Amino acid sequence: MPTILVIEDDPTIRLTMEFALTKANYGVSTAADGSTGLDIARKIKPDLILLDLMLPGMSGIDVARTLRLTDSETPIIMVTALGSDEDKVRGLDAGADDYITKPFSTKELLARIRANMRRVNKSSEKTEDKIYEYGDLSIDTSSTRVSVKDQLIKLRSKEYELLVAMASRPGALARREWLARTVWGEEFLSTSRTIDVHVRRIRKAIEGISDYYFIHTVHGMGYRFEAVHKTDAKHKPDHDDYANE
């Protein structure tokens, strides 16, 4: 039985989520503040974490950042009452994989959980071993290792999956909807800024030390993966641009 950790200070929301998750056959642990939630996460190693953004003491942002120092695999869904893109991006940048905005329905909550759980299960399945090499970038799917100039690059699991998805179709347009289905599952909302934030993190990790640019924005549509030497590039891609603008 998968275990979900709910870190939420509002007792009504916490109890409501606990009831819904238990009814859906998940094991549930709860915490009412960030510090306690962090301690529980380290002890029980849950399969997924529902993390409130606004918590007393240690904020959800701080909890996510601290967890990601030692755990890059456990899915984190940020739960927020703040609907602005800036707040959502802050959560994603801190290490969250997805977010859900209050108020939300039980149906939506369970759908988000299933989508993120499916991603974890999918990444653990045996896949055909391949090595992709573009410029000074190498991606070895047998060991899930990514390197630039023989220097190992550390990526979170979803960042890795997103990179492999694009690298497997060099030169082709990777539409946001296709990336959403391929990496997050069909229930993932393609209008989310999640894809954009993960792409930005991949760019910073890889292109910061590479002699090449790899991920190019096709505005309003998605991204294109192509190795372009920096001396031949017409312009430097902006790490803060977004494919939906």
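Check the entry above for the structure.
No experiment lies behind these values; they were computed from the predicted model shown.

Enquirer: What is the right way to read the overall build of the protein from this model?
Expert: Looking only at helices and strands, the protein has eight helices and 12 strands in total. Buried positions account for 49% of the 245 residues belonging to the protein. Across the protein, contacts joining residues at least 24 apart in sequence account for 58% of those joining residues at least 6 apart. Total accessible area computed for the protein in this model is approximately 11800 Å², and 50% of it derives from carbon and sulfur atoms.

Enquirer: Whenever I open this one, the sheet that holds strand β5 (residues 98-101) confuses me. Can you help?
Expert: Strand pairing in a sheet is mediated by backbone hydrogen bonds. Such pairs are either parallel or antiparallel. On the basis of which strands lie adjacent, the open sheet formed by five strands has the order β2-β1-β3-β4-β5 and parallel pairing. The strands lining the two open edges of the sheet, one partner per strand, are β2 (27-31) and β5. Each adjacent strand pair in this sheet contributes to an overall mean axis angle of 20°, direction not counted. Examined bridge by bridge, strand β1 (residues 3-7) and strand β3 (residues 48-52) share four bridges and lie parallel to one another. Within the sheet, the bridge partner assigned to Ile4 lies in β3 and is Leu48.

Enquirer: Even after reading the chapter, I still don't get helix α8 (residues 194-207), so can you show me in this structure?
Expert: For α8, built from 14 residues, the straight-helix expectation of 20 Å at 1.5 Å per residue is met to within 8% by its first-to-last C-alpha distance of 20 Å. In terms of residue burial, α8 counts as a mostly covered element, since 12 of its 14 residues are buried. Among the residues making up α8, those that are buried are Thr194, Ile195, Asp196, Val197, His198, Val199, Arg200, Arg201, Ile202, Arg203, Ile206 and Glu207.

Enquirer: What is the right way to look at the packing of aromatic side chains in this model?
Expert: Under the defined criterion, the tally for this structure stands at four aromatic pairs. Both rings, one in Tyr132 and one in Tyr134, keep their centres 6.4 Å apart while their planes meet at 10°; by these two values the pair is stacked. The two residues Tyr132 and Tyr134 agree in class, both being buried. Here a set of aromatic residues connected by ring pairs shows up, and it is made of Tyr132, Tyr134, Tyr212, Phe214 and Phe225. Here the basic side chain of Arg169 rests over the ring of Trp178, its NZ or CZ set 4.3 Å away from the ring centre.

What counts and how
Residues numbered from 1 in each chain as written. Predicted model: local features only at pLDDT ≥ 70, side-chain atom pairs only at ≥ 80, totals over all residues. Heavy atoms only, no water. Helix = DSSP H or I, 4+ residues; strand = E, 2+ residues; numbered from the N terminus. Buried < 20%, exposed > 50% of the residue type's maximum accessible area, 1.4 Å probe, protein only. Contact = heavy atoms within 4.5 Å. Areas by Shrake-Rupley, 256 points an atom, 1.4 Å probe, with all protein chains shown as cover. Pairing = 2+ DSSP bridges. Axes fitted to C-alpha atoms, helices over the stretch in contact; angles between N-to-C directions. Expected span 1.5 Å × (residues − 1). Phe/Tyr/Trp six-rings, centres within 6.5 Å; stacked < 30°, edge-to-face > 60°. Lys NZ or Arg CZ within 6 Å of the ring centre and 35° of its normal.

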